[in-house]
Amino acid sequence: MTSPNPPPLAGLRVLEFAGLAPAPFAGLLLADAGASVLRIDRPPSNPSQPAVPTPDLLARHKSSICLDLKSPAGVTFARKLAAQSDILVDPFRPGVLEKLGLGPEVLCKENPKLVYARMTGFRRDGKYAAMAGHDINYLAVSGVLAMLGRKGEKPTPPWNILGDFAGGGATLFQGILMALLARERTGKGQVVEANMVDGASYLATFPRFALKTPLGDRPRGENILDTGCPWYETYETIDGGYMAVGALEPQFFEELLKGLGLEGNGWQKRRQDRDHWPELRELLTKTFKLKTRAQWEGIFNGTDACCTPVFSYGELEKDMKTKEGDQRPAVTLRETPMLAVMKAASDPSHGQGDGILGEGYAAFALAPGEGGEKMLEEWLGWTRGREFEVKDGALVPTNRQKSKL
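For every chain, the first residue of the written sequence is number 1, and numbering continues from 1 along that sequence. Confidence filtering applies because this is a predicted model: local features only for residues at pLDDT of at least 70, side-chain atom pairs given and counted only at 80 or more, and all residues used for totals across whole chains, interfaces and linings. Side-chain descriptors were evaluated using all non-hydrogen atoms of the structure, hydrogens and water having been removed beforehand.

**Points about the domain arrangement of the protein**
- Domain ranges listed in this record stem from an automatic or a database domain assignment. Domain boundaries assigned for the protein yield domain 1 (13-205 + 371-403) and domain 2 (232-318).
- Each of domain 1 and domain 2 has a C-alpha centre, and the two are 44 Å apart.

Right, here's the structure in full:
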């Protein structure tokens, strides 16, 4: 079933300077929502050899051109593209594009409607601004990392979901959307700045507030939602699998006890007594190890015990139907669905338009220069030999185009 309407951001032109992780994720969100995303890559070191995909795993729905930004011709080309774009995504450290003459004070003057979106790790005005860092560092100085981990253990960094992607790319995407809404009212674009320290800290608003309440005022790993509580925990099964328990409310805890065969032992009344938590945790640990994960799944399916199996992505990929492993966009827009994450998916009720390769489990590899010339023709009507040529693997304006610039 295909929606008659285009995706929500169809028609928007996005110029994305090549990077890794957070900024490309913002570009991916824009592309999945239908925007036309053109990535600017460096020219290959050996133009005579076929181009190979870059390490960027987030190139779905995107195209690429190569520009030598160390040359005046490359900078001129980029400026001309920015003048025709709706959104620019800057993944570099503060000042990099400014030194090239591609900063917002130049490009936003030439294109007042441009949304100039910039991503950094640390705050631009903080003491770490000039330092290199990665997700773990941004979480560390934001205060978030200190909350992650079990009792008596050191802070545990997760995959780079919280900093790079949630606090970084997704937050920048949100800022871009707000700037686009403001542009509808004012007619002007603006600079959008996101950093992973502030983004991650903002995501932690609720647990940060909880630090001053009984919900989270104890040390790491001793609170209700940070593995301190036995009924908000994971438990191993006899076959080496795991079940996740989140029976926070009394009625849900009662359902959990029924499924485990532990009702009638007084735990419903004693469950809030922290002195008994070690005993209850040990009891749950022994009980879950009496059956396989599949057996427990069969017992708790359809109940309100808040007890579910812990699936790996490998399992979900092998069994998409039974385990609901088919990948979908993050939100469903019924009338203007986003582009599909899966090849075969095209169902507005699931928020998916036309499909694409990858099935949501494999990256869409994009080599420098791939698809870019076609996009330039779609955007501006530019073609090779007329408006631009390829020199040493990079696009440069022709004499005719230079005269226009």
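**Quick notes on unusual backbone geometry**
- Backbone geometry places A21, a non-glycine residue, at a positive phi of 70°.
- As for its position among the elements, A21 is in the loop between strand 1 (13-17) and helix 1 (22-32).
- The backbone of E324 sits at a positive phi, close to 55°, despite the residue not being glycine.
- Secondary structure elements are defined from DSSP: runs of H or I of at least 4 residues count as helices, runs of E of at least 2 residues count as strands, and each element is numbered from the N terminus. Within the element layout of this structure, E324 appears in the loop between helix 13 (313-318) and helix 14 (372-380).
- Only protein chains enter the accessibility calculation, which uses a 1.4 Å probe. A residue is then buried if its area is under 20% of the maximum for its type, exposed if over 50%, and partly exposed in between. Given a relative accessible area of 67%, E324 falls into the exposed group.

**Thoughts on helix 1**
- Most of helix 1 is tucked away, with eleven of its eleven residues classed as buried.
- All of the buried residues in helix 1 are P22, A23, P24, F25, A26, G27, L28, L29, L30, A31 and D32.
- A positive backbone phi angle near 105° is found at G34, which sits one or two residues after helix 1.

**A short note on the packing of aromatic side chains**
- In this analysis, rings of Phe, Tyr and Trp, with Trp reduced to its six-membered ring, are considered paired at centre separations within 6.5 Å, and the interplanar angle assigns stacked below 30 degrees, edge-to-face beyond 60, and tilted for intermediate values. Within the structure shown, the criterion is met by twelve aromatic pairs.
- A centroid spacing of 6.1 Å and a plane angle of 75° characterise the contact between Y313 and Y361, whose relative ring orientation is edge-to-face. With Y313 in helix 13 and Y361 in the loop between helix 13 and helix 14, this residue pair connects regions lying 48 residues apart in the sequence.
- You can call Y361 partly exposed: its relative accessible area is 21%.
- Taken together, Y235, F288, W296 and F300 form an aromatic cluster joined through their ring pairs.
- For a ring to carry a charge above it, either NZ of a lysine or CZ of an arginine must fall within 6 Å of the ring centroid while also lying within 35 degrees of the normal to the ring plane. Directly above the ring of W267 sits R270, whose terminal nitrogen or CZ lies 4.0 Å from the centroid.
- The ring of W296 carries the charged tip of K291 above its face, separated from the ring centre by 5.7 Å.

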